[in-house]
Amino acid sequence: MPVDILVGTQWGDEGKGKLIDVLTRDVDMVVRFQGGNNAGHTVEIGDEHYVLHLVPSGIFRPNVVNVIGNGLVVDVLGLVEEMKGIAAKGFSIDNIRLSNRAQLIFEYHKRADALKESNAGTRKIGTTKRGIGPAYADKMNRTGIRGIDLKNPIRLEEQFRAEAERYNKMFAEHNIAPLNIDEEWALVREAAAFLSPYVCDTVYLVNDAIKAGKNVLCEGAQAALLDIDHGTYPFVTSSNTVSGGACTGAGIAPQKIRDTWGVIKAYTTRVGEGPFPTELFDENGETLRKIGHEFGATTGRPRRCGWFDAVASRYACMVDGVNKLAVTKLDVLDQFEQIGVCVAYEINGRVTKEFPASAEELAAVKPVLEWLPGWKEDISAVTSYDKLPENAKKYLARIAELVDSELAIISVGPRRDQTFEV
Ligand code: IMP
């Protein structure tokens, strides 16, 4: 009953899509368990690159079942567009399944997201404006509309109109143009008809697969430091991004889990607002952004870049229970003479290795940096761990030691073939 989970251990954009694609060689089912189309998982096959937002990253392997689990918030129109885009590129979308328990995102959620951000002042989060927060808020308020409702157009219309009217009242209070409910409903009705055949009870589907001995991989989106409980609250996303989220967000019991893969980028990036102790504002930061192509896959925003933060990632690996570490983008560090690693935080003269719960406190810490010698050579064509320069191996060993996890996979470029085991 091998169920593995793959999660990000920083602030997202660690290269999870690529790793999932590599790991799906031997996988029968890939399950997304949280988040929505705020995610942008990039998969490169040959010279082509594909960005996935809601569809699990197993879609490019024939025979892999791709499950959009109950823990997601699903942009109805966005999913249709994404599925049609995949089909237009010649890949089958027959193996996609959408949970009847997943929550749905409509236009009013996106407008509410933008409205909240524009009124937030210093509490602005820098969301992707995909309606993620408002849709999860509706779920918790028990006013959400779910996958199962796509199969019943009469019920769907009733619920959609009632919710859209409720939101329109709120928009009117803020002098925002109301949603044209008739026009929006026409789009939703069409999308529902398209998606309806893909909707099923994915909890039974996943558990039947586990019982039948199939290999199931749960694909995390965003990452631990953006988790609603464990991240840099309030500068977080609205779901449980840590590995435990796979149990609730896919309906899998904890004892069924075998390995937790933690994807870690060899340096750190963050999109949106919020504290980031190792952020670099100098030419080193620029170099990381340029060489690492650090621009958001979903929004195109430039990512903030900094040295590897072992304090933050150690907390993430602890909560996630990472037992297999996949280090990505090691090649981006090729040209540095020296590479910084944050091994502790200094807070008001006190040194700690603990990740603070308070975003204000985190914003005020001074990173304690350790300097490791760079390797100063191009490693993008290296195909095995043994062939890595000694300094690169030392760097990897040090970060694995600091985050208290075992190295398992190293990635030195975006393509499938630029990945090897340790
Ligand atoms: P939301 O998920 O759109 O509500 O955004 C909340 C925060 O999470 C913002 O700082 C976003 O930039 C960040 N975020 C959301 N999804 C991703 C992702 O896939 N990668 C990196 N950051 C993300």
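As the structure is a computational prediction, the values presented were derived from the model and not from experiment.

## Points about the overall build of the chain
- Each helix and strand counted, the chain has 12 helices and 20 strands in total.
- Here the C-alpha radius of gyration of the chain, 21 Å, is about what a compact globule of 422 residues would show, namely 22 Å.
- Principal-axis analysis of the C-alpha atoms places the extent of the chain at approximately 65 × 50 × 40 Å.
- Going through the 422 residues of the chain one by one, you find that 57% of them count as buried.
- In the chain, once contacts between residues fewer than 6 apart in sequence are set aside, the share between residues at least 24 apart is 76%.
- As displayed, the chain has an accessible area near 17,800 Å², and 49% of this comes from carbon and sulfur atoms.

## Focus: the layout of surface pockets
- Its boundaries defined by the atoms lining it, the second largest pocket holds a volume of some 420 Å³.
- For the second largest pocket, the lining is made up of 20 residues, of which Leu23, Arg25, Asp26, Trp261 and Glu421 are closest to its centre.
- Those elements that place two or more of their residues in the lining of the second largest pocket are helix H1 (16-23), strand E10 (216-219), strand E11 (257-265), strand E19 (407-411) and strand E20 (419-421).
- Looking at the lining of the second largest pocket residue by residue, the classes come out as 10 nonpolar, 2 polar and 8 charged.
- Summarising the domain contributions, the lining of the second largest pocket has at least three residues from each of domain 1 (3-98 + 198-260) and domain 3 (265-421).

## Quick notes on the site of the ligand
- Residues in contact with the ligand amount to 16 residues; listed here are only the nearest, Asp13, Asn38, Thr128, Thr237 and Arg301.
- Contact between the ligand and Asp13: a nitrogen atom at 3.2 Å from a side-chain N or O atom of the residue.
- A distance of 2.6 Å separates an oxygen atom of the ligand from a polar atom in the side chain of Thr128.
- Expressed as a share of its isolated accessible area of 470 Å², the protein-covered part of the ligand is 96%.

## A look at the side chain of Asp149
- Relative to the elements of secondary structure, Asp149 occurs in the loop between helix H4 (132-141) and helix H5 (153-173).
- Judged by its relative accessible area of 3%, Asp149 is buried.

## Remarks on helix H10 (residues 310-320)
- The complete set of buried residues in H10 reads Ala310, Val311, Ala312, Ser313, Ala316, Cys317 and Asp320.
- Where H10 is buried, its residues meet strand E1 (3-8), E11, strand E14 (308-309), strand E15 (324-328), strand E16 (338-347) and helix H12 (390-403).
- Backbone geometry just downstream of H10 places Gly321 in the positive-phi region, at approximately 65°.

## Digging into the domain arrangement of the chain
- For the chain, the assigned domains read domain 1 (3-98 + 198-260), domain 2 (104-195) and domain 3 (265-421).
- Centre-to-centre, using C-alpha coordinates, domain 2 lies 37 Å away from domain 3.
- Listed as interface residues are 6 residues of domain 2 and, on the opposing side, 5 residues of domain 3.
- Across the domain 2 to domain 3 interface the summed buried area is about 410 Å²; carbon plus sulfur atoms make up 43%.
- When the area that domain 2 buries against domain 3 is broken down by residue, the three leading residues are Gly126, Thr128 and Arg130, summing to 61%.
- Counting across the domain 2 and domain 3 interface gives 0 salt bridges.
- Here domain 2 is connected to domain 3 by 2 residue pairs in polar contact (both at pLDDT 80 or more).
- Of the residues that constitute the side of domain 2 that touches domain 3, the class distribution is 1 nonpolar, 3 polar and 2 charged.

About the cut-offs
- Residues numbered from 1 in each chain as written.
- Predicted model: local features only at pLDDT ≥ 70, side-chain atom pairs only at ≥ 80, totals over all residues.
- Heavy atoms only, no water.
- Helix = DSSP H or I, 4+ residues; strand = E, 2+ residues; numbered from the N terminus.
- Rg over C-alpha atoms; globule rule 2.2 N^0.38 Å.
- Buried < 20%, exposed > 50% of the residue type's maximum accessible area, 1.4 Å probe, protein only.
- Contact = heavy atoms within 4.5 Å.
- Areas by Shrake-Rupley, 256 points an atom, 1.4 Å probe, with all protein chains shown as cover.
- 1 Å grid on protein atoms, 1.4 Å probe; cavity = no way out; pocket = protein on both sides within 12 Å on 5 of 7 lines; lining within 4 Å.
- Points joined across faces, edges and corners; volume = space filled by probe spheres on them.
- Nonpolar A, V, L, I, M, F, W, Y, C, P; charged D, E, K, R; others polar.
- Domains from an automatic or database assignment.
- Near = heavy atom within 4 Å.
- Polar contact = N/O pair within 3.5 Å; in protein donor to acceptor, adjacent residues only side chain to side chain.
- Buried area = accessible area lost by both parts, 1.4 Å probe.
- Salt bridge = Lys/Arg side-chain N within 4 Å of Asp/Glu carboxyl O.

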